[in-house]
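Each chain is listed here by its residues.
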Amino acid sequence: RSKLDEVKRQEVERLRHLATKQMELQNGIDAKHLKIPQHIDTKHPSFEVSDLAKLIKQTTNDLEEADKQRREEFKKYEMEKKFEKDMRLKSINDTQERKTVQEEMEKMEAKHR
């Protein structure tokens, strides 16, 4: 009797895993790359001092990552802006006109600062 109960429990567990995988595939969820929160201790139902320390550490890490990403995006934006400026100046064949356009760009940069 207990052996049959164990076999039934294993089969139910197997079917539950199959149903979960099917649902993940239908909803486009990638379980391997799913981010599991590290700042919460799920073993204890109450909020502990260790939870606060983990929360502060995770928040700091998230802010540092966001700041790093923002700096990278700004760096890329500045490089694209410089590239477009250089391409615009290269496309102008007349030396006098190029100088005029460059002065206008410098005035706009000075005004922007």
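Trainee: Where do I start with the packing of helix α2 (residues 49–91) against helix α3 (residues 95–112) in this structure?
Mentor: Helix packing geometry: the angle between the two helix axes and the distance between the axes. Their axes nearest at 9 Å, the elements α2 and α3 cross at an angle of 155°. Here α2 is positioned roughly antiparallel relative to α3, judged by the angle of their axes. Between α2 and α3 lies a crossing of right-handed hand. Within the contact between the two elements, α2 uses K85, R88, L89 and K90 and α3 uses R98, V101, Q102, M105 and E109.

Trainee: How do you make sense of the confidence of the model for the chain when you look at a structure like this?
Mentor: Should pLDDT be low for a region, the predicted coordinates there are not to be read in detail. The predicted model of the chain averages 81 in pLDDT, with 83% of residues at 70 or higher. When mean pLDDT is compared element by element in the chain, α2 scores highest at 89, while helix α1 (residues 2–27) scores lowest at 80.

Trainee: How should the pattern of salt bridges be read in this particular structure?
Mentor: One side chain can pair with another of opposite charge once the charged atoms of both are near each other. A complete count under the given rule lists seven salt bridges for this structure. Of the charged contacts, one joins K82 and D86 as a salt bridge, the two residues approaching to 3.4 Å between their closest N and O atoms. Taken as a pair, K82 and D86 lie in helix α2 at a separation of four residues, close to a single helical turn. Using a relative accessible area of 30% as the deciding quantity, one classes D86 as partly exposed. Linked through salt bridges whose partners overlap, the residues forming this network are D67, R70 and R71.

What counts and how
- Residues numbered from 1 in each chain as written.
- Predicted model: local features only at pLDDT ≥ 70, side-chain atom pairs only at ≥ 80, totals over all residues.
- Heavy atoms only, no water.
- Axes fitted to C-alpha atoms, helices over the stretch in contact; angles between N-to-C directions.
- Helix = DSSP H or I, 4+ residues; strand = E, 2+ residues; numbered from the N terminus.
- Parallel < 35°, antiparallel > 145°, perpendicular 65-115°, else oblique.
- Left-handed = near helix turned anticlockwise from the far one by under 90°.
- Contact = heavy atoms within 4.5 Å.
- pLDDT = per-residue confidence, 0-100.
- Salt bridge = Lys/Arg side-chain N within 4 Å of Asp/Glu carboxyl O.
- Buried < 20%, exposed > 50% of the residue type's maximum accessible area, 1.4 Å probe, protein only.

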